[in-house]
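For reference, the chains in residue letters:
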Amino acid sequence: MTIANGLSLLRLLLSPLIFWAFASSRPKVVIFLLWLVTGLTDVLDGWVARKRGEITELGKILDPVADKLVLGFSLAGLIHRYGLPLWVGLIYLVKEAVQLLGGLVFLRRQRVTLASNFWGKAGTALFFTGFFFYYLLSPAWGFYVILAGLGVSVVAFCTYTVELLKRVKKAPRATNRL
């Protein structure tokens, strides 16, 4: 396992602790530290992968899955403990489920994965910024930043869908099944 993939795996394993910290009424500093560590591992895994030439197919899957879990558990925690509207989490959940299923179908048919793009990274950054605002500074401002993150993540979904459809049209179908 590469260092970059290890960092993504660490983020993935820490993600349920975010919801646990919300649900068990841990001090704000605990949630802040979990967000800080997961955010740093997100930045570091990409930097390490590029710097050391460790970009792998596993990393292209593990990194976004870890991001989605951190975001999902954070949304669930904010909904559960701080009244973030449930519909925000449901839209995110449905979008991610459709995106995951589409990505799995594409992986099975074409045997490649798509790397994250600007829109996906921007959506993640907006979500994290919104979480910090909502939880630590101003729920009203945080709510609007989270909504912006949700909107940008929907744009990302559309760009990934267009890219997948282009690749499906270009590439022959893989003969071996996973």
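Keep in mind that this is a model prediction, so the values were computed, not measured.

Criteria and thresholds
- Residues numbered from 1 in each chain as written.
- Predicted model: local features only at pLDDT ≥ 70, side-chain atom pairs only at ≥ 80, totals over all residues.
- Heavy atoms only, no water.
- Helix = DSSP H or I, 4+ residues; strand = E, 2+ residues; numbered from the N terminus.
- Contact = heavy atoms within 4.5 Å.
- Polar contact = N/O pair within 3.5 Å; in protein donor to acceptor, adjacent residues only side chain to side chain.
- Salt bridge = Lys/Arg side-chain N within 4 Å of Asp/Glu carboxyl O.
- Buried < 20%, exposed > 50% of the residue type's maximum accessible area, 1.4 Å probe, protein only.
- Patch = residues over 30% accessible without salt bridge, like charges linked within 9 Å, V, L, I, M, F, W, Y side chains within 5 Å.
- Areas by Shrake-Rupley, 256 points an atom, 1.4 Å probe, with all protein chains shown as cover.

**Student:** Explain the environment of serine 15 here, please?
**Tutor:** Locating serine 15 in the fold gives a position in helix α1 (residues 3-23). Non-local contacts of serine 15, meaning those with residues more than four positions away in its chain, are made with Leu69, Val70 and Phe73. Polar side-chain contacts of serine 15 include one of 2.7 Å to the backbone oxygen of leucine 12.

**Student:** Where do I start with the pattern of salt bridges in this structure?
**Tutor:** Pairing of side chains with opposite charge becomes possible as their charged atoms draw close. According to the stated counting rule, one finds seven salt bridges in the structure shown. Linking arginine 11 and aspartate 45 is a salt bridge whose minimum nitrogen-to-oxygen distance equals 3.1 Å. Taken together, the residues arginine 11 in helix α1 and aspartate 45 in helix α2 (residues 28-52) connect sequence positions 34 residues apart. Given a relative accessible area of 1%, arginine 11 falls into the buried group. When its relative accessible area of 5% is taken as the criterion, aspartate 45 is described as buried. Between lysine 68 and glutamate 96 there is a salt bridge; the shortest N-O distance is 2.9 Å. With a gap of 28 residues between them, lysine 68 in helix α3 (residues 57-82) and glutamate 96 in helix α4 (residues 86-110) connect regions that are remote in the sequence. Since its relative accessible area comes to 10%, glutamate 96 is described here as buried. Three or more residues joined by partner-sharing salt bridges are found here, namely Arg11, Asp42, Asp45, Asp63 and Asp67.

**Student:** Could you clarify how one ought to interpret a nonpolar patch on the surface in this entry?
**Tutor:** The grouping of Val29, Leu33, Leu36, Leu40, Leu44 and Trp47 at the surface amounts to a nonpolar patch, some 560 Å² of accessible area in total. Looking at the secondary structure, you find tryptophan 47 in helix α2. Relative accessible area serves as the criterion here: at 48%, tryptophan 47 is assigned to the partly exposed category.

**Student:** Any chance you could explain the environment of glycine 142 here in plain terms?
**Tutor:** Tracing the backbone shows glycine 142 in helix α6 (residues 139-170). On the basis of relative accessible area, glycine 142 is assigned to the buried category, the value being 0%. Considering only alpha carbons, one finds glycine 142 and phenylalanine 132, ten residues apart in sequence, at a separation of 7.1 Å. Apart from the residues within four sequence positions on either side, glycine 142 is in contact with Gly130, Phe133 and Tyr134.

Remember that the coordinates give geometry; whether it matters functionally is a separate question.
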